[in-house]
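Each chain, letter by letter, is given below.
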Amino acid sequence: MHPYLGEACQEVGISTVSVSLSKIEIKPKLENERKELELSITALRQKFKELLESERMMMDEIKSADIIFNFSKSIWPDSCYIEVVTQEDKRIEVAVDSLGNPAEILKAER
């Protein structure tokens, strides 16, 4: 998926993008989405489905599943935040830095 996502974000001047794994959605919408990015996001969604199945869960048990990528100086992400919400409103959150190490999850004020 990288560097295609970072390149697409850089082209439109954004530093944060959310990719849904539970539906076909990227926020904000990226113009000029390359075929490589589309294919890699499709593969990521398939891998997520396989991981769910390995945990004996199905996609219909998931209310939402989103990954937020942050880019600052590069086409490679600085951090990644994953949030999965089940139909029972159980929330699973994970954040990693650019090396895949666990990172602190920072909550924005709502």
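Below or above, wherever it landed, is the structure these notes cover. Predicted model only: the values in this text are computed from it and were never measured. (Residues numbered from 1 in each chain as written. Predicted model: local features only at pLDDT ≥ 70, side-chain atom pairs only at ≥ 80, totals over all residues. Heavy atoms only, no water.)

1. Section: the pattern of salt bridges
And then number 1: With the rule as written, the count across this model stands at seven salt bridges.
And then number 2: Residue Arg 34 pairs with Glu 11 through a salt bridge whose shortest N-O separation is 2.6 Å. Here Arg 34, found in the loop between strand S2 (26-27) and helix H2 (35-54), pairs with Glu 11, found in helix H1 (residues 4-12); they are 23 residues apart in sequence, far enough to count as distant.
And then number 3: Judged by relative accessible area, Glu 11 falls into the partly exposed class, the value being 45%.
And then number 4: One salt bridge in this structure joins Lys 63 and Asp 89, with 2.4 Å as the shortest N-O distance. Remark: Asp 89 occurs in the loop between strand S4 (79-86) and strand S5 (91-97) and Lys 63 occurs in strand S3 (residues 62-70); sequence separation between them is 26 residues. (Salt bridge = Lys/Arg side-chain N within 4 Å of Asp/Glu carboxyl O. Helix = DSSP H or I, 4+ residues; strand = E, 2+ residues; numbered from the N terminus. Buried < 20%, exposed > 50% of the residue type's maximum accessible area, 1.4 Å probe, protein only.)

2. A closer look at the nonpolar core
And then number 1: In this structure, Met 1, Leu 5, Val 17, Val 19, Leu 30, Leu 37 and Phe 69 are the most contacted members of the largest nonpolar core, which totals 21 residues.
And then number 2: Of all elements in the fold, only H1, strand S1 (16-20), H2, S3 and S4 reach the threshold of two or more residues within this core.
And then number 3: What Leu 5 contacts, discounting residues up to four positions off in sequence, is Val 17, Val 19, Leu 30, Leu 37, Phe 69 and Phe 71. (Core = buried A, V, L, I, M, F, W, Y, C linked by side-chain atoms within 4.5 Å. Contact = heavy atoms within 4.5 Å.)

3. Some thoughts on the side chain of Glu 83
And then number 1: Along the chain, Glu 83 turns up in strand S4.
And then number 2: Among the polar contacts listed, one links the side chain of Glu 83 to the side chain of Tyr 81, at a separation of 3.2 Å.
And then number 3: Here Glu 83 is in contact with Ser 64, Ala 65, Asp 66, Arg 91, Ile 92 and Glu 93, once residues within four sequence places are set aside. (Polar contact = N/O pair within 3.5 Å; in protein donor to acceptor, adjacent residues only side chain to side chain.)

4. Let's talk about the packing of H1 against H2
And then number 1: Relative orientation of the contacting elements H1 and H2 amounts to 130°, with a least axis distance of 9 Å. Relative to H2, the element H1 lies oblique. Viewed along their axes, H1 and H2 form a crossing whose handedness is left-handed. For the pair H1 and H2, contact is made by Tyr 4, Leu 5 and Ala 8 and by Glu 36, Leu 37 and Ser 40, respectively.
And then number 2: Looking at the contact of H1 with H2 residue by residue, the class counts come to four nonpolar, one polar and one charged. (Axes fitted to C-alpha atoms, helices over the stretch in contact; angles between N-to-C directions. Parallel < 35°, antiparallel > 145°, perpendicular 65-115°, else oblique. Left-handed = near helix turned anticlockwise from the far one by under 90°. Nonpolar A, V, L, I, M, F, W, Y, C, P; charged D, E, K, R; others polar.)

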